[in-house]
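In case you want the letters, here they are:
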Amino acid sequence: AAVDRSTVSRWASRLRDEIRKLGWTALKHPPYSPDLAPCDYHLFGKLKESLQDDDSLVNAAKLWLRRAGPDFYRAGIQALVPRWRKAVERDGDYVEK
């Protein structure tokens, strides 16, 4: 038992109206991109636009890493030890979430 197209259209129209009444914005579905997950499209789209080319992205990342300081790297290396232990204990069947 399928719902006909006109009923679905009415439901979608009502939903859009309710969203507008609440002051929310309905985002359009992003185009497919192998570089981005659907959630990344909205979160990182503006960042990607502002970094016009790969060189600017690489330079921005290098600058951020230079400013991070030794404590940032020390904490990162220390975090690897418990993750490594979990991976070994589970024969590699471990993913940090």
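This report concerns the structure included in the present document. The shown structure was predicted, so the numbers you read here are calculated from the model rather than taken from an experiment. Throughout this document, residue positions are counted from 1 along each chain, in the order its sequence is written. Given that this is a predicted model, residues contribute local features only at a pLDDT of at least 70 and side-chain atom pairs are listed and counted only at 80 or more, while totals for whole chains, interfaces and linings are drawn from all residues. Only hydrogens and water are removed before side-chain values are computed, so all heavy atoms of the structure are retained for them.

## Describing the side chain of Thr7
Next, step 1: Working definition: helices are DSSP H or I runs of at least four residues, strands are E runs of at least two. Numbering for both runs from the N terminus. Topologically, Thr7 is positioned in helix α1 (residues 5–21).
Next, step 2: For Thr7, a relative accessible area of 12% puts it in the buried group.
Next, step 3: One polar contact links Thr7 to Asp4, side chain to side chain, over a distance of 3.0 Å. We call a residue buried when its accessible area falls under 20% of the maximum for its residue type, exposed when it is over 50%, and partly exposed in between, using a 1.4 Å probe and counting protein chains only. In protein, a polar contact requires one atom able to donate a hydrogen and another able to accept it; more generally it is a pair of N or O atoms within 3.5 Å, and residues adjacent in sequence count only if both atoms are side-chain atoms.

## A look at helix α4 (residues 70–89)
Next, step 1: When the terminal C-alpha atoms of α4 are compared, their 30 Å separation across 20 residues agrees well with the 28 Å that a helix rising 1.5 Å per residue should span.
Next, step 2: One or two steps after α4, the chain reaches Asp91, where phi turns positive at roughly 55°. Expected span, for any helix, means 1.5 Å times one less than how many residues it has.

## Topic: the pattern of salt bridges
Pairs can form between side chains of opposite charge once their charged atoms are near each other.
Next, step 1: Salt bridge, as used here, is a side-chain nitrogen of Lys or Arg placed within 4 Å of a carboxyl oxygen of Asp or Glu. The tally for this structure, following the rule as stated, stands at three salt bridges.
Next, step 2: A salt bridge links Arg74 to Asp71, with the shortest nitrogen-to-oxygen separation between them at 2.6 Å. Of this pair, Arg74 and Asp71 both sit in helix α4, three residues apart, roughly one helical turn.
Next, step 3: For Asp71, a relative accessible area of 57% corresponds to the exposed category.

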